[in-house]
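Chains, contacts and geometry: an overview
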Amino acid sequence: MRTRRTARNVIAVFAAALLAGSVAACGNSDTGGSGGEGGDKKIVMGFSQVGAESGWRTANTTSIKEAAAEAGIELKFDDAQQKQENQIKAIRNFIQQKVDVIAFSPVVESGWDTVLKEAKDAKIPVILTDRAVDSADKSLYKTFLGSDFVKEGRLSGEWLVENTKDATGPVNIVELQGTTGSAPANDRKKGFAEAIAANPNLKIVASQSGDFTRAGGKQVMEQFLKANPKIDVLFAHNDDMGLGALEAITAAGKVPGKDITIITIDAVKDGMQALADGKFNFIAECSPLLGPQLMDLAKKVTAGEEVQPRIETEETTFTQEQAKEALPNRKY
Ligand code: AHR
């Protein structure tokens, strides 16, 4: 009798343990949908990156990959090699694979409506990061996370106005633009032009794209130097083009930072080093560390939460003295 009761008790305890186990397992798979730790269903993000054109881009890619791993988000990463058609192809692939969310940094501003509509029809939320699109239909994407490029151009122009206020005679400026048609090239050009507009002695004598690369910056600066006997200022839309231009300026027998004042945008480590060394004169920061915010947004939009349509990155500016101070702690 006692033996039968003991056996019944053991079975009851075992059954209770099994039940508790299966309840816990159900709980885990529920949290999996939001990418929670220990869940079996991770959020899958398709990410189309512009390319690997600059130090900024490399730091941005690292930030996104690290943040995805940290957040438990499965990342399908595609490098578009600075070509819009590659990005469109990648986005279509992500749609076919039924990813949970698509994020991308558009190479250029226009020409996205058709593919964004395809994503919307497939009910896959899209997040723009770093660069914007010029689509009139704002319902084609959930939010745009990135810098204010017009402001970066304006801050660069304002620094120049302030630092040339005692100049007598004309100040000749050459401009190295970023990738033609890209938001940062369009906006930085606009902001800079607006900031110097009230000063007719500040004149942009040449402006051309160096495609955001060092090689491009060097090559175009060589042309500028050949065609323009008097260049006082270089405004480069990013550090890498400025760094390429340094080689051309030195090869032409001029001293960068002295004979030619150099203003750039980004503040990546190599740019900050050039600024601290007195070869650049001013940098407006553009932060590439967008990964953690992007992953937070991905979790929210896949959970159906509302997010702000525009999220602006916090940034600053650097003079030569400020670069010397900041450089030892610069991570990228
Ligand atoms: O879109 C951001 C810009 O793209 C960075 O300023 C530039 O370095 C990069 O190539």
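Details of the structure are given in the entry above.
Throughout this document, residue positions are counted from 1 along each chain, in the order its sequence is written. Where local features are concerned, this predicted model is filtered to residues with pLDDT of at least 70; where side-chain atom pairs are given and counted, the filter is 80 or more; whole-chain, interface and lining totals use all residues. Excluding hydrogens and water, the side-chain values take into account all heavy atoms of the structure.

**Remarks on the sheet that holds strand β1 (residues 44-49)**
Two strands are counted as paired when DSSP detects at least two bridges linking them. Strands here are runs of E lasting at least two residues and helices are runs of H or I lasting at least four, both read from the DSSP assignment and numbered beginning at the N terminus. If you trace the 6 strands from one edge of the open sheet to the other, you get β2-β1-β3-β4-β5-β11, paired in parallel fashion. In this open sheet, the two strands that pair with only one neighbour each are β2 (74-79) and β11 (310-312). Strand-to-strand twist of the sheet, defined as the mean angle between neighbouring strand axes without regard to direction, takes the value 20 degrees. For strand β4 (residues 126-129) and strand β5 (residues 143-146), the ladder comprises 3 bridges, and the chain directions are parallel. Pairing of I127 across the sheet is with T143, part of β5. On top of the sheet, helix α3 (residues 84-96) reaches β1, β2 and β3 (101-104); it is set at about 170 degrees to β1, its chief contact. We call two residues contacting when some pair of their heavy atoms lies within 4.5 Å. In this analysis an axis means a line fitted to C-alpha atoms, helices contributing only their contacting stretch, and an angle means the value between N-to-C directions, from 0 to 180 degrees. Here helix α10 (residues 291-302) sits on the sheet in contact with β1, β3, β4, β5 and β11, set at roughly 165 degrees to β4.

**Observations regarding the packing of aromatic side chains**
Here is the rule: rings of Phe, Tyr and Trp (six-membered ring for Trp) pair when centre to centre is within 6.5 Å. Planes less than 30 degrees apart are stacked, more than 60 are edge-to-face, and the remainder are tilted. This model, assessed by the stated rule, comprises 4 aromatic pairs. On the basis of an interplanar angle of 15 degrees and a centroid distance of 5.1 Å, the ring pair of W159 and F282 is categorised as stacked. With W159 in helix α5 (residues 149-163) and F282 in strand β10 (residues 282-285), this pair connects stretches of sequence that are 123 residues apart. Residue W159 shares its accessibility class with F282, and that shared class is buried. Of note, K65 hangs over the ring of F77, and the distance from its end group to the ring centre comes to 4.4 Å. Only protein chains enter the accessibility calculation, which uses a 1.4 Å probe; a residue is then buried when its area is under 20% of its type maximum, exposed when over 50%, and partly exposed in between. We count a charge as sitting over a ring when the NZ of a lysine or the CZ of an arginine lies within 6 Å of the ring centre and within 35 degrees of the ring normal.

**Digging into the site of the ligand**
Nearness of a residue to a molecule or strand requires only that one of the residue's heavy atoms be within 4 Å of it. E53, S54, W56, R57, D130, R131, F149, P184, R188, F212, N238 and D266 make up every residue found near the ligand. A 3.5 Å cut-off defines polar contacts: any pair of N or O atoms within that distance qualifies, except that in protein one atom must be a possible hydrogen donor and the other a possible acceptor, and neighbouring residues in sequence count only when both atoms are side-chain atoms. Between the ligand and D266 there is a distance of 2.6 Å, counted from an oxygen atom to a side-chain nitrogen or oxygen. All accessibility values rest on the Shrake-Rupley procedure with a 1.4 Å probe; residue burial counts only the protein chains present in the view. Here the ligand, which alone exposes 290 Å², has 100% of that area covered by the protein. At the level of secondary structure, the elements contributing two or more residues to the shell around the ligand comprise α2 (55-71) and α6 (183-196). All residues other than Ala, Val, Leu, Ile, Met, Phe, Trp, Tyr, Cys, Pro, Asp, Glu, Lys and Arg, Gly among them, are scored as polar; the first ten of these are nonpolar and the last four charged. By residue class, the composition of the shell around the ligand is 4 nonpolar, 2 polar and 6 charged. Per-domain counts for the shell around the ligand show at least three residues from each of domain 1 (44-147 + 288-314) and domain 2 (149-286). Here the limits of each domain have been adopted from an automatic or database domain assignment.

**Some details on the packing of α5 against α6**
Running from amino to carboxyl end, α5 crosses α6 at an angle of 35 degrees, the nearest separation of the two axes being 6 Å. Remark: the crossing between α5 and α6 carries right-handed chirality. Between α5 and α6, the residues in contact are F149, V150, E152, G153, R154, S156, G157, E158, L160 and V161 and A183, P184, D187, R188, G191, F192, A195 and I196, respectively. Considering only residue class, the contact of α5 with α6 consists of 9 nonpolar, 4 polar and 5 charged. Crossings are assigned a handedness: left-handed for a near helix turned anticlockwise from the far helix by less than a right angle, right-handed for a clockwise turn.

**A word on the pairing of β1**
When you tally the buried positions in β1, you get 6 out of 6 residues, the bulk of the element. Burial of β1 is two-sided: the residues V44, G46 and S48 facing one way and the residues M45, F47 and Q49 facing the other way are all buried. Bridging between β1 and β2 involves 6 bridges; their strand directions are parallel. The residue bridging G46 from the neighbouring strand is K76, located in β2. Seen with the strands pointing away from the viewer, any crossover whose path from the first strand over the helix to the second strand runs clockwise is right-handed. Crossover handedness for the path β1 to α2 to β2: right-handed. For β1 and β3, the ladder comprises 4 bridges, and the chain directions are parallel. Across the sheet, F47 pairs through a bridge with A103, a residue of β3.

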